[in-house]
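Chains, contacts and geometry: an overview
This is what each chain is made of:
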Amino acid sequence: MITGERRRRDWLPEEKDQILSECAEPGVNISGVARRYGVNRGLLNKWRKAAGLPVGRRGGRGLDVPVFVPVTISGEAVEAQSAGNRRWCADMKSRAFRSLM
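1. Describing the overall build of the protein chain
- Secondary structure summary: the protein chain contains 4 helices and 0 strands in total.
- Going from the N terminus to the C terminus, the protein chain shows its helices and strands as α-α-α-α.
- Counting every position in the protein chain, which comprises 101 residues, the buried fraction comes to 15%.
- Considering only residue pairs separated by 6 or more positions, the protein chain has 39% of its internal contacts joining residues 24 or more positions apart.
- Accessible area of the protein chain: about 9000 Å², with a carbon and sulfur share of 55%.

The following block contains the structure:
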């Protein structure tokens, strides 16, 4: 039996700002911040989304930011790969044909 009045906590804007500023730090553990302040992680994610902060598994780590990486492809590697692909395709066709017999 539950007795007493259950009431939601009203967070002051200054409190939310403090919590959200901690969440915006690079590499921060969002669950840790939520536990430290006694905030449900789902509610904290709602606040983060409303504030325009990244939300999700990789949100606070900056891993979802596109990055260009230089790549150099030599002609020999492409030719070797193409020859290998042709051999693989020929082998697969041969196996498929044998399985039909």
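2. As for the layout of surface pockets
- Within this model, the largest pocket holds a volume of roughly 230 Å³.
- Forming the boundary of the largest pocket are 11 residues, of which R7, R8, R9, W11 and L43 lie nearest the centre.
- Tallied by class, residues from the lining of the largest pocket come to 4 nonpolar, 2 polar and 5 charged.

3. Structural notes on helix α2 (residues 30-37)
- Listed in full, the buried residues belonging to α2 are I30, G32, V33 and A34.
- Buried residues belonging to α2 abut α1 (13-23) and α3 (41-50).
- Measuring from the side-chain oxygen of the N-cap residue of α2 to the backbone nitrogen of S31 gives 2.9 Å; that N-cap residue is N29.
- Looking one or two residues past α2, G38 carries a phi angle of roughly 70°, positive in sign.

4. Brief notes about the confidence of the model for the protein chain
- Taken residue by residue, the protein chain gives an average pLDDT of 77. The fraction at 70 or more is 58%.
- Within the protein chain, the lowest mean pLDDT, 63, falls on helix α4 (residues 75-100), and the highest, 93, falls on α2.

5. Some points on the packing of α1 against α3
- Running from N to C, α1 and α3 cross one another at 85°; their axes reach a closest spacing of 11 Å. In terms of axis orientation, α1 runs roughly perpendicular to α3. From α1, K16, I19, L20 and C23 reach across to α3, where they touch L44, W47 and R48.
- Class assignment of the residues belonging to the contact of α1 with α3 gives a composition of 5 nonpolar, no polar and 2 charged.

6. With respect to the nonpolar core
- Grouped together as the largest cluster of nonpolar side chains are 10 residues: W11, I19, L20, C23, I30, V33, A34, V39, L44 and W47.
- Counting residues per element, the ones that place at least two in this core are α1, α2 and α3.
- Once residues within four sequence positions are removed from consideration, I30 is found in contact with C23, R41, L44, N45 and R48.

Cut-offs applied
- Residues numbered from 1 in each chain as written.
- Predicted model: local features only at pLDDT ≥ 70, side-chain atom pairs only at ≥ 80, totals over all residues.
- Heavy atoms only, no water.
- Helix = DSSP H or I, 4+ residues; strand = E, 2+ residues; numbered from the N terminus.
- Buried < 20%, exposed > 50% of the residue type's maximum accessible area, 1.4 Å probe, protein only.
- Contact = heavy atoms within 4.5 Å.
- Areas by Shrake-Rupley, 256 points an atom, 1.4 Å probe, with all protein chains shown as cover.
- 1 Å grid on protein atoms, 1.4 Å probe; cavity = no way out; pocket = protein on both sides within 12 Å on 5 of 7 lines; lining within 4 Å.
- Points joined across faces, edges and corners; volume = space filled by probe spheres on them.
- Nonpolar A, V, L, I, M, F, W, Y, C, P; charged D, E, K, R; others polar.
- Polar contact = N/O pair within 3.5 Å; in protein donor to acceptor, adjacent residues only side chain to side chain.
- pLDDT = per-residue confidence, 0-100.
- Axes fitted to C-alpha atoms, helices over the stretch in contact; angles between N-to-C directions.
- Parallel < 35°, antiparallel > 145°, perpendicular 65-115°, else oblique.
- Core = buried A, V, L, I, M, F, W, Y, C linked by side-chain atoms within 4.5 Å.

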